[in-house]
Amino acid sequence: MSDIPKRQVIAASHSWSERLRLAWADLADTARLWPLVWTLSLFDIRLRYRGSLLGPLWLTLSTAVMVGAIGVLYARLFHQDVTDYLPFLTISLVLWTFISTMVSEATTCFTQADAMIRSMRMPHGVHAARVVMRNTLVLGHNVVVVAVVFALFGTKPGLDCFTLLPGFLLWLADAMAASLLLGLFGARFRDIPPIVASVMQIAFYVTPIMWNPAMLAHRGLAKAFVELNPFYALLEIVRGPLLGLPINPGAWQLAVLYSLGLFLITGLVFVRARPRLPYWL
Amino acid sequence: MAQLIVDNVSVSFPLYHAESRSLKKTVLAAASGRLGEDSRHRLTVEALRGVSFTLNTGDRLGFIGSNGAGKTTLLRTMAGIYEPVGGSITTEGVVTALLDPGQGMNPDLTGNENIRLRALFGGYSEAQIRDLQEDVAAFAGLDQFLALPVRTYSSGMVVRLGFAMATAIHPQILLMDEWLLAGDASFLDKARHRLEAMVNGAEILVLSSHRPDILLQWCNRLIWLDGGMVKADGTPEEVLAAYLPPDQFAHVLEAAGKTA
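**Digging into the confidence of the model for chain B**
Residues and elements named next belong to chain B.
Then, number 1: The share of residues in chain B with pLDDT of 70 or more is 85%, and the mean pLDDT across the chain is 82.
Then, number 2: Confidence scores differ between elements of chain B, with helix H1 (residues 21-30) showing the lowest mean pLDDT of 53 and strand E9 (residues 221-226) the highest of 92.
Then, number 3: With a pTM of 0.88, the predicted complex shows an ipTM of 0.84.

This is the structure we're talking about:
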């Protein structure tokens, strides 16, 4: 318990340096409050399945059912060998589910927490981090499905698969930035959540998730979808290592570039709009 | 030593969906100058205008004023929830705000889980969390209910839980809105003992209420807010004498056992 009186000044600030200082303090406090973030996300998941027989196991089970059904069907549609296609599809779907729920829940991370935001002064970053943590926990449940499919089909990712770790760290940083950015936009403009949902729907079909870029290589179509698609780059830096592919420098370059752009925009928007957030709820 | 300085604070709310000019004019005319425009010609409601005062250790301040005078907005601003558009708020000491009974509690979580979240926000350790849960349970008298979701509580129970939680974490500056009065008589008594102990421990209390008797009992200073501005500032007796019609004021004094 820290009972040492701390002097705190909240001033109407129009200078960027002052705003920057407060925004930084917000993020630093969020990092300090990680046990709160962890417990909030844990309660979120527990609450979703309170009273259900299987509980959070449903997360794993529903993913398994989806992967099994779609895998067998699409392997036939695409004329692919199930033993190659199913591991690919499992990883892709599990990773994509993380990306797409992350992005769509990011748009409501502040509007959903309005009761908390309006009742006490808490760093806004906590609400963004909560969504990131919650989706990471869900991903943890789904990784089980990937492990089972790999075991069934005897897929053995090599030692290379550890290169997914830096990729995943980049994902977490991107997820946090996206939560802050989309959360602020979603709170100010209430049309943002459905717009983002539509965009993600399109992104799902455009990005090589269900299909492998190699499948379309001979049609010359894949290039455009692959070379500029931020989702593909992000997916590839984590999916590639799992599939035993060598590091893809092109995808990394693109992923880092897009991430830096995201951090820059988020920084500007967060520093500028942070003090106004409670007024929008 | 706790201190709270409110310096020339202004707060205005943007009205994003009132764009029509004719509507704007109508509303402007009706609202007697509380509406303004910001630099980008958006319509705003000026909830607080140039409010200043300083509170020191042992001060018990009350806010009085009609509905919409800015009492709750001022409490929220003092709590740091709304960052002011003009001026500054300086606080020294741990601030806790009891602004609405729910207090950001998640109604689907149990009482104990909500207490845990609150404790984690305060940076408590596991042992301190257990102590806090016991303390709150004992004070709020909710023992077995703490294992049930908060949404199953009666409104009085929610108030008790919120109050117990906010005061158990030893705030140095406590900001309270009038909902506290939803408690029953025995709880009000208990609450006052707890608050008195807290205020005697050299802390600051800020209370907003419509009930003159409560303000007279609990406060040693009163601010009358009107239209987002300070209309009067002084001892409870002085301010109430100006605020209330004479007959009501006499009645309140009589009830409080004082003479006019």
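Let us keep going from here.
**What about the packing of aromatic side chains?**
Residues and elements named next belong to chain A.
Then, number 1: On inspection of all chains with the given rule, the structure shows 17 aromatic pairs over all chains.
Then, number 2: Measuring from ring centre to ring centre gives 5.6 Å for Tyr-74 and Phe-78, while their planes differ by 65°; the resulting arrangement is edge-to-face.
Then, number 3: By relative accessible area, which is 29% here, Phe-78 ends up partly exposed.
Then, number 4: Ring pairs connect the aromatic residues Tyr-74, Phe-78, Tyr-85 and Phe-88, which therefore count as one cluster.

**Describing the packing of helix H3 (residues 111-121) of chain B against helix H4 (residues 126-140) of chain B**
Pairs of packed helices are described in terms of their axes, by the angle between the two and the distance that separates them.
Residue and element names in this part refer to chain B.
Then, number 1: It is the contact of H3 with H4, at a shortest axis distance of 10 Å, that shows an interaxial angle of 130°. On the basis of the axis angle, H3 is oblique to H4. Considering the relative orientation of H3 and H4, their crossing is right-handed. Contacts between H3 and H4 pair Asn-112, Ile-115, Arg-116, Ala-119 and Leu-120 from the former with Glu-126, Ile-129, Leu-132, Gln-133 and Val-136 from the latter.
Then, number 2: Taken together, the residues of the contact of H3 with H4 sort by class into six nonpolar, two polar and two charged.

**With respect to a nonpolar patch on the surface**
Then, number 1: Taken together, the side chains of A:Leu53, A:Leu54, A:Leu57, A:Trp58 and A:Leu61 present a nonpolar region at the surface, about 520 Å² in accessible area.
Then, number 2: Checked against the element boundaries, A:Leu61 lands in helix H3 (residues 57-77).

**Here we look at the pairing of strand E4 (residues 60-64) of chain B**
Residues and elements named next belong to chain B.
Then, number 1: Within E4, four of the five residues are buried, leaving the element largely enclosed by the surrounding structure.
Then, number 2: The sheet contact formed by E4 and strand E8 (residues 204-208) spans four bridges and is parallel. Considered in E8, the bridge of Arg-60 is made with Leu-205.
Then, number 3: Of the pairings in the sheet, the one linking E4 to E9 comprises four bridges and is parallel in character. In the strand pairing of E9, Leu-61 is matched with Arg-221.

**Brief notes about the sheet that holds E4(B)**
All names here are of chain B.
Then, number 1: Reading across from one edge, E6-E7-E8-E4-E9-E10 is the order of the six strands in this open sheet, with mixed pairing throughout. With partners counted over all chains shown, the strands left at the sheet margins are strand E6 (95-98) and strand E10 (229-234), one partner each. If you compare each strand with its neighbour and ignore which way they point, the axes differ by 15° on average.
Then, number 2: The strands touched by helix H5 (residues 155-168) within the sheet are E6 and strand E7 (173-176), with E6 carrying the most contacts at an inclination of about 175°.

**A closer look at helix H2 (residues 71-78) of chain B**
Residues and elements named next belong to chain B.
Then, number 1: Burial runs high along H2: seven of the eight residues are buried.
Then, number 2: All of the buried residues in H2 are Lys-71, Thr-73, Leu-74, Leu-75, Arg-76, Thr-77 and Met-78.
Then, number 3: The positive-phi residue at the C-terminal boundary of H2 is Gly-80, with phi of around 85°.

**Digging into the nonpolar core**
Then, number 1: One finds B:Phe53, B:Phe63, B:Met78, B:Leu161, B:Leu175, B:Met176 and B:Val206 to be the most contacted residues of the largest nonpolar core, which totals 114 residues.
Then, number 2: With nine residues, H5(B) is the largest single contributor of residues to this core.
Then, number 3: With residues up to four places along the chain from it excluded, the contact list for B:Phe53 reads B:Leu4, B:Ile5, B:Val6, B:Leu61, B:Phe63, B:Leu74, B:Met78, B:Arg221 and B:Ile223.
Then, number 4: Among the nonpolar cores identified, the runner-up in size contains 43 residues, and A:Ala203, A:Phe204, A:Met215 and A:Leu242 belong to it.

Rules used in this analysis
- Residues numbered from 1 in each chain as written.
- Chains lettered and ligands numbered in written order.
- Predicted model: local features only at pLDDT ≥ 70, side-chain atom pairs only at ≥ 80, totals over all residues.
- Heavy atoms only, no water.
- pLDDT = per-residue confidence, 0-100.
- Helix = DSSP H or I, 4+ residues; strand = E, 2+ residues; numbered from the N terminus.
- Phe/Tyr/Trp six-rings, centres within 6.5 Å; stacked < 30°, edge-to-face > 60°.
- Buried < 20%, exposed > 50% of the residue type's maximum accessible area, 1.4 Å probe, protein only.
- Axes fitted to C-alpha atoms, helices over the stretch in contact; angles between N-to-C directions.
- Parallel < 35°, antiparallel > 145°, perpendicular 65-115°, else oblique.
- Left-handed = near helix turned anticlockwise from the far one by under 90°.
- Contact = heavy atoms within 4.5 Å.
- Nonpolar A, V, L, I, M, F, W, Y, C, P; charged D, E, K, R; others polar.
- Patch = residues over 30% accessible without salt bridge, like charges linked within 9 Å, V, L, I, M, F, W, Y side chains within 5 Å.
- Areas by Shrake-Rupley, 256 points an atom, 1.4 Å probe, with all protein chains shown as cover.
- Salt bridge = Lys/Arg side-chain N within 4 Å of Asp/Glu carboxyl O.
- Pairing = 2+ DSSP bridges.
- Core = buried A, V, L, I, M, F, W, Y, C linked by side-chain atoms within 4.5 Å.

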